[in-house]
Amino acid sequence: MTIVSKRKTQIIGAVGLALIVIAIAMMTFGRSAFAQPGLPMTTERTITVSGIGQAFGTPDTAYITFGVDRVSADINESVSGARDTLADIIAALEAAGVERADIQTTNFNVYPEDRFNPTTGQPTGERTFRTTLGVSVTVRDLDETSTIITAALDAGANRIDGLSFGIADVAALETEARTSAAANARARADELAAAFEVSVGEVVNIVEGSNFGGIPLPAARQDMGVGMGGNMQIVPGQLSVTVQVTVTYTLGG
């Protein structure tokens, strides 16, 4: 026997042995022995559906971002003026009852602005410097939101860059949304099973998907008016938490 023939014989023997091992494993353990990772190891017929649940709650927290915009031909005056105004705003916020831990500087920018002739569009040679500062505030008593906004504006804030609402503890809403998602998944499974004239059996796998918590997404915000002075109307509306679950059930006849 030549060397080539001998090698061919060895390869054929190895392949045959591997096929025998696979056949024995399939007879012993069934197809579940070769199931893909992450999928339920079962030879039963199954159905997989996704359920979505939402829960709504009333906000108890407001998040406001105030801004200071200061322009001057002198860069030092621009920066110092904005800095002093920001210090006045922080002092006014604390006097209005905001804790220091709920006040945070969010941005600090300084940049030059060249002047242009509005008629010719040509530079005039004049240059000013603009300083912008931002401070974010967490308001934990929504009844004080209007008062806090007024205090910041009176102290020199000339921008309100953002106003949003949240719920400090969303655990109860997550539980409610999760229960609703489970019921929704079961209802979908029952509908599909009925359409194919089969029955839904036991749960064999559950995966929780996206969970939008933290600061929930707005569900409804009605006519939120923000004006100058003490007559501002702040309407937080409702917020929602959404949970998705994917469930696999066995199928009966």
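Residues numbered from 1 in each chain as written. Predicted model: local features only at pLDDT ≥ 70, side-chain atom pairs only at ≥ 80, totals over all residues. Heavy atoms only, no water.

Draft legend 1. Inspection of the overall build of the protein at higher detail. Of regular secondary structure, the protein possesses four helices and seven strands. Per-residue burial over the protein gives 31% buried out of 253 residues. Here the protein displays about 15,400 Å² of accessible surface, and carbon together with sulfur accounts for 54% of that area. (Helix = DSSP H or I, 4+ residues; strand = E, 2+ residues; numbered from the N terminus. Buried < 20%, exposed > 50% of the residue type's maximum accessible area, 1.4 Å probe, protein only. Areas by Shrake-Rupley, 256 points an atom, 1.4 Å probe, with all protein chains shown as cover.)

Draft legend 2. Region of the structure containing the confidence of the model for the protein. Summing up the model confidence of the protein, the mean pLDDT is 81 and the portion of residues at 70 or higher is 74%. In this model, residues 28-38 is a region of pLDDT below 50 whose contacts with residues beyond four sequence positions or in other chains number 10 contacts. Every residue in residues 214-229 scores below 50 in pLDDT, and together they form 45 contacts with partners more than four places removed in sequence or on other chains. (pLDDT = per-residue confidence, 0-100. Contact = heavy atoms within 4.5 Å.)

Draft legend 3. Examining the pairing of strand β1 (residues 46-57) more closely. Burial of β1 is one-sided: the residues I47, V49, G51, G53, A55 and G57 facing one way are buried, the residues T46, T48, S50, I52, Q54 and F56 facing the other way are not. In this structure, β1 lies alongside strand β7 (residues 238-252), joined through 12 bridges in antiparallel fashion. Bridging across to β7, G51 finds its partner in V245. (Pairing = 2+ DSSP bridges.)

Draft legend 4. Representation of unusual backbone geometry in the model. For E197, which is not glycine, the phi dihedral falls at a positive 60 degrees. Judged by relative accessible area, E197 falls into the exposed class, the value being 70%.

Draft legend 5. Region of the structure containing the sheet that holds strand β5 (residues 159-166). Across the sheet, which stays open at both edges, the four strands sit in the order β3-β4-β2-β5 with antiparallel pairing between neighbours. Each edge of the open sheet is held by one strand with a lone partner, namely β3 (103-116) and β5. Between one strand and the next, the sheet's axes are offset by a mean angle of 15 degrees, whatever the strand orientation. Where β3 lies against strand β4 (residues 123-139), 12 bridges are found, and the strand directions are antiparallel. Residue I103 lies in a different strand from β4, and its bridge partner there is V137. Seen against the sheet, helix α3 (residues 145-154) touches β2 (61-72), β4 and β5 and runs at an angle of roughly 10 degrees to β2. (Axes fitted to C-alpha atoms, helices over the stretch in contact; angles between N-to-C directions.)

Draft legend 6. Structural view of the nonpolar core. Counting residues in hydrophobic clusters, the biggest one holds 44 residues, and the most contacted among them are F66, I89, L93 and Y249. Within the residue set of this core, elements represented by two or more residues are β1, β2, α2 (75-95), β4, α3, β5, α4 (171-195) and β7. Ignoring anything within four residues of it in the chain, the contact list for F66 reads L93, L133, G134, V135, V137, I148, I149, A152, A157, R159, I160 and D161. (Core = buried A, V, L, I, M, F, W, Y, C linked by side-chain atoms within 4.5 Å.)

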